[in-house]
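# Structure assessment
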Amino acid sequence: MAKAGVVVILVLLVLGGGYLATSMSGTSTQSSVSLQPSGSNSSSGSANNTITLLSLFSSFSQMQIHEAAYDNSEAAPLIQQTTFSYLVLGKASMNSTQYVKVRFSEVGVSNDIIAWFNPHEGVDRVDVLGDRNYTGGAAPIFAQKFLAAMSFVVGASNNATLLSVLSKTSQNTTSIGPTQMTLATYQLTTPTPPYIKATVSYGTVPGTGTKIAVYLDQETSDFMENIFQITSLTR
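Residues numbered from 1 in each chain as written. Predicted model: local features only at pLDDT ≥ 70, side-chain atom pairs only at ≥ 80, totals over all residues. Heavy atoms only, no water.

## Focus on the pairing of strand β13 (residues 224-234)
Relative to β13, strand β3 (residues 62-71) is paired through ten bridges, and the arrangement is antiparallel. If you follow Asp-71 over to β13, its bridge partner there is Met-224. In this sheet, β13 lies alongside strand β12 (residues 211-220) in antiparallel orientation, the contact comprising five bridges. The partner of Leu-216 across the bridge, within β13, is Phe-228. Between β12 and β13, which follow one another and run antiparallel, lie three residues, and Phe-223 among them has a positive phi close to 70°. (Pairing = 2+ DSSP bridges. Helix = DSSP H or I, 4+ residues; strand = E, 2+ residues; numbered from the N terminus.)

## Let's talk about the pairing of strand β6 (residues 113-117)
Judged by how many residues are buried, β6 sits mostly within the fold: five of five residues are covered. Side-chain alternation along β6 places Ile-113, Ala-115 and Phe-117 on one buried face and Ile-114 and Trp-116 on a second face that is also buried. As defined by bridge partners, strand β5 (residues 97-106) adjoins β6 across five bridges and the pair is classed as antiparallel. From the neighbouring strand, Val-102 faces β6, where its bridge partner is Ala-115. What sits between β5 and β6 in their antiparallel hairpin is a turn of six residues, with Gly-108 showing a positive phi close to 90°. (Buried < 20%, exposed > 50% of the residue type's maximum accessible area, 1.4 Å probe, protein only.)

## Focus on the environment of Ile-79
For Ile-79, the location among the structural elements is in strand β4 (residues 78-94). We classify Ile-79 as partly exposed; its relative accessible area is 24%. Linking Ile-79 and Ala-68, residues eleven residues apart in sequence, is a C-alpha distance of 7.6 Å.

## A look at the confidence of the model for the protein chain
A residue-level look at the protein chain finds 79% of positions with pLDDT of 70 or above and a mean pLDDT of 80. Low confidence marks residues 4-48, where pLDDT is under 50. Its contacts with residues over four positions away, or in another chain, come to 119 contacts. (pLDDT = per-residue confidence, 0-100. Contact = heavy atoms within 4.5 Å.)

## Here's the deal with the environment of Lys-197
Secondary-structure assignment places Lys-197 in strand β11 (residues 195-204). Judged by relative accessible area, which is 34%, Lys-197 ranks as partly exposed. The contacts of Lys-197, once residues within four sequence positions are left out, are Leu-188, Asp-217, Gln-218, Glu-219 and Glu-225.

## Quick look at the pattern of salt bridges
Throughout the structure, instances matching the rule amount to four salt bridges. For Asp-112, the salt bridge goes to Arg-103, with nearest N and O atoms at 3.0 Å. Since its relative accessible area comes to 13%, Asp-112 is described here as buried. (Salt bridge = Lys/Arg side-chain N within 4 Å of Asp/Glu carboxyl O.)

## What about the packing of aromatic side chains?
Per the counting criterion, the structure on display carries nine aromatic pairs. Relative to Tyr-86, the ring of Phe-57 has its centre 5.0 Å away and its plane inclined at 80°; by these criteria the two rings are edge-to-face. Taken together, the residues Phe-57 in helix α2 (residues 53-59) and Tyr-86 in strand β4 connect sequence positions 29 residues apart. As far as the burial class goes, Phe-57 and Tyr-86 line up, both buried. Summarising the aromatic geometry, the rings of Phe-104 and Phe-146 are spaced 4.9 Å apart at their centres and angled 20° between planes, so their arrangement reads as stacked. You can see Phe-104 sitting in strand β5 and its partner Phe-146 sitting in helix α3 (residues 144-158), a full 42 residues away along the chain. Residue class for Phe-104 comes out buried when judged on its relative accessible area of 2%. Of the residues examined, Phe-146 reaches a relative accessible area of 5% and is grouped as buried. Clustering of aromatic rings is evident, with ring pairs tying together Phe-57, Phe-84, Tyr-86, Phe-104, Phe-117 and Phe-146. Of note, Arg-132 hangs over the ring of Tyr-134, and the distance from its end group to the ring centre comes to 4.4 Å. (Phe/Tyr/Trp six-rings, centres within 6.5 Å; stacked < 30°, edge-to-face > 60°. Lys NZ or Arg CZ within 6 Å of the ring centre and 35° of its normal.)

## What about the sheet that holds strand β10 (residues 179-187)?
Here eleven strands make up an open sheet; going across it, the order is β8-β7-β6-β5-β4-β3-β13-β12-β11-β10-β9 and the pairing antiparallel. The open sheet has two edge strands with one neighbour each: β8 (133-135) and β9 (167-176). The mean inter-strand angle of the sheet, taken between neighbouring strand axes irrespective of direction, is 20°. The pairing of strand β7 (residues 123-128) with β8 spans three bridges and is antiparallel. Bridge pairing links Arg-125 to Thr-135 in β8. (Axes fitted to C-alpha atoms, helices over the stretch in contact; angles between N-to-C directions.)

Right, dumping it as structure tokens:
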């Protein structure tokens, strides 16, 4: 578990595109968890517009993601893997604030949650289905693992630093679930600290400026490898 925690922290630092901030003090329903990109994209291989969590929910009503972490210095390298999905349920008001309600599900876990995102991308309420509703400082605890996983998508989509050391290797049209996309793949041709290897694929919805990272495989000099892949997208 300790090693898995280190992996999450490492990925957030390496991606440099998102952060997870949790506040456990007080009972206010103001933003308690926030996931936001830093910086803008470079023109080479990056998205045309900065990706945020709410813009993902606006562009894609459903998404399924598989992620895995490895320590390649070990004989049994797999540390953890998970598959989860989200479904945007719509908007709702609470205490004069308008929220986006998103249902998260994880394969192998019975209790889905519904997270209420405020306009600042904070989570002020979480409904744990089959249990109860949580607000205030307790609410973000139940959304943390999903927000951490979403940071892979947001971070890779906005990370100009990573893209600056990659080269475009291919481009083709493919379908990710029911959504057809133009897929451009970039790879690290020469090891560049802190990366031993890195591959990122960006999907663009034809006729729109929506471009996001749909695949990332990166290994750093400490032999920690992190992979995520969006396996299904619905507009």
